[in-house]
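# Descriptive analysis of the structure
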Amino acid sequence: MIARVLGPLEVEINGTAVAPTAPKPRKVLTLLVLHTNRIVPSSALKRELWDEDAPVSASTTIQTYILLLRKQLMRAAGGSMAAAKTQLVTCPGGYQLRSTGGLDLHTFDRLCTEGRQALARGEDERASSILRAALALWRGPALCGVQLGPLLEVEALRLQESRIVALEQRIEADLRLGRHHELISELTSLVGEFPLHENLHAQLMLALYRSGRKPHALDVHQRLRSRFIDELGLEPSARMYRLHQAIIVSDPALDAERRSRTLLLDRFAGHAVAS
């Protein structure tokens, strides 16, 4: 089975699509795929499908959706209903979708772990390459094409946050490798997409500073600060303030990337700015 959730939901067996088009069975399949080889409780399916307003017939309706999915699995695999039941299993209190691999999310998580470990060891070229491969698995917003209920909304947010973290780490590796010029365009787009994300703004500020564009780097901080005040009634973090001050005085710490394995803003958690 091949299943993709980092973008539009797609489930295939032998090249045949399995995902139903009806919204509620599609939600059921999505939860099962996200928790492949784990039991999804019937209570979780009820909450996703009806939130707190599950009808009396909810359990019977879910059984109908499971039967529909099994029929699709059977047709795609060219097998029997008995075989489909061994792949989509009824368990005490819920259901379990069994698979030996093929889920893009599992591949993404594995690559992110490898990339993060490489970054921590200072293997920046390797970290950049692995994290690029992880991010290449994304084909759009996670779970797009699925009507998200309360549980899937949380899953989509979690996946999106994982993507942003992987992006930050890959950009960190590229900054350590001296690729600041090439990163400016990408980071400019990212801070437009995530206008309150401090780390991405910090990375753009550093890329601009190292490219000889100190005034532009300071302007990025000013725009971020204005947004924080206008939208949140808050100032950016002390780490952002210290980075801003470091850029003003051209602190040598801004050029120490290759000697540090600490992430950019973490180096300014308690950094005394050079004078």
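Please read these numbers as outputs of a predicted model, since none were measured by experiment.

Cut-offs and rules
- Residues numbered from 1 in each chain as written.
- Predicted model: local features only at pLDDT ≥ 70, side-chain atom pairs only at ≥ 80, totals over all residues.
- Heavy atoms only, no water.
- Helix = DSSP H or I, 4+ residues; strand = E, 2+ residues; numbered from the N terminus.
- Salt bridge = Lys/Arg side-chain N within 4 Å of Asp/Glu carboxyl O.
- Buried < 20%, exposed > 50% of the residue type's maximum accessible area, 1.4 Å probe, protein only.
- Pairing = 2+ DSSP bridges.
- Axes fitted to C-alpha atoms, helices over the stretch in contact; angles between N-to-C directions.
- Parallel < 35°, antiparallel > 145°, perpendicular 65-115°, else oblique.
- Contact = heavy atoms within 4.5 Å.
- Nonpolar A, V, L, I, M, F, W, Y, C, P; charged D, E, K, R; others polar.
- Phe/Tyr/Trp six-rings, centres within 6.5 Å; stacked < 30°, edge-to-face > 60°.
- Lys NZ or Arg CZ within 6 Å of the ring centre and 35° of its normal.
- Polar contact = N/O pair within 3.5 Å; in protein donor to acceptor, adjacent residues only side chain to side chain.

Attention now moves to the environment of A136. The residue A136 is located in the loop between α6 (124-135) and α7 (150-176) in this model. For the pair formed by A136 and L6, sequence separation is 130 residues and the distance between their alpha carbons is 9.9 Å.

To continue, consider the pattern of salt bridges. Taken as a whole, this structure holds 19 salt bridges when the rule is applied. A salt bridge links E125 to R179, with the nearest nitrogen and oxygen atoms 2.8 Å apart. Of the two residues, E125 sits in helix α6 while R179 sits in the loop between α7 and α8 (180-193), which places them 54 residues apart along the sequence. Classification of R179 by relative accessible area gives partly exposed; the value is 21%. Here D174 ties to R170 by a salt bridge, and the two come within 3.0 Å at their closest N and O atoms. Within this pair, D174 and its partner R170 are both found in helix α7, separated by four residues, close to a single helical turn. The pair formed by D174 and R170 is uniform in burial state, with each residue classed as buried. Linked by salt bridges that have partners in common, E125, R132, R170, D174, R179 and E186 make up one network.

Here we take up the sheet that holds strand β2 (residues 10-13). Spatially, the three strands line up as an open sheet ordered β1-β2-β3, and their pairing is antiparallel. Since the sheet does not close on itself, it has two edges, and those belong to β1 (2-4) and β3 (16-17), each with one partner. By the bridge criterion, three bridges tie β1 to β2 in an arrangement that is antiparallel. Bridge pairing in β2 links A3 to V11.

Okay, the packing of helix α2 (residues 42-50) against helix α3 (residues 58-77) next. At a minimum axis distance of 10 Å, the contact between α2 and α3 shows a crossing angle of 95°. Between α2 and α3, the interaxial angle falls into the category roughly perpendicular. Side by side, α2 and α3 meet where S42, L45, K46, L49 and W50 of the first sit next to A58, S59, T61, I62 and Y65 of the second. Class assignment for the residues of the contact of α2 with α3 results in six nonpolar, three polar and one charged.

This part takes up the packing of aromatic side chains. Inspection of the entire model under this criterion finds one aromatic pair. Here F108 and W138 contribute two aromatic rings whose centre-to-centre distance is 5.8 Å and whose plane-to-plane angle is 80°, an arrangement assigned as edge-to-face. Here F108 is found in helix α5 (residues 104-120), whereas its partner W138 is found in the loop between α6 and α7, with 30 residues between them in sequence. Here the basic side chain of R163 rests over the ring of W138, its NZ or CZ set 6.0 Å away from the ring centre.

Below, the discussion takes up the side chain of E155. Mapped onto the elements, E155 comes out in helix α7. Residues in contact with E155, not counting those within four places in the same chain, are L34, H35 and L143.

Let's shift gears to the side chain of D104. Mapped onto the elements of the fold, D104 is located in helix α5. Looking at D104, its side chain comes within polar contact range of the main-chain nitrogen of L6, at 3.2 Å. Those residues in contact with D104 that lie beyond four places of it in its chain are A3, R4, V5, L6, L137 and R139.

Our focus in this paragraph is the sheet that holds strand β6 (residues 94-97). Reading across the sheet, the three strands line up as β4-β6-β5 and stay open at both edges, with antiparallel pairing between neighbours. In this open sheet, the two strands that pair with only one neighbour each are β4 (39-41) and β5 (88-91). Taking the axes of each pair of neighbouring strands and ignoring which way they run, one obtains an average angle of 30° across the sheet. Relative to β6, β5 runs antiparallel, the two being bridged by four bridges. Looking at β6, one finds that L88 is bridged to L97. Set on the sheet, helix α1 (residues 23-34) makes contact with β4, β5 and β6; between it and β6 the angle comes to about 65°. α2 contacts β4 and β6 of the sheet and is inclined by roughly 60° relative to β4.

The alternating pattern of β2 places V11 and I13 on a buried face and E10 and E12 on a face that is not buried. Where β1 folds back onto β2 in an antiparallel hairpin, the turn is made up of five residues, including G7, whose phi is positive at roughly 140°. Where β2 and β3 come together, two bridges link them in antiparallel fashion. Bridge pairing in β3 links E12 to A17.

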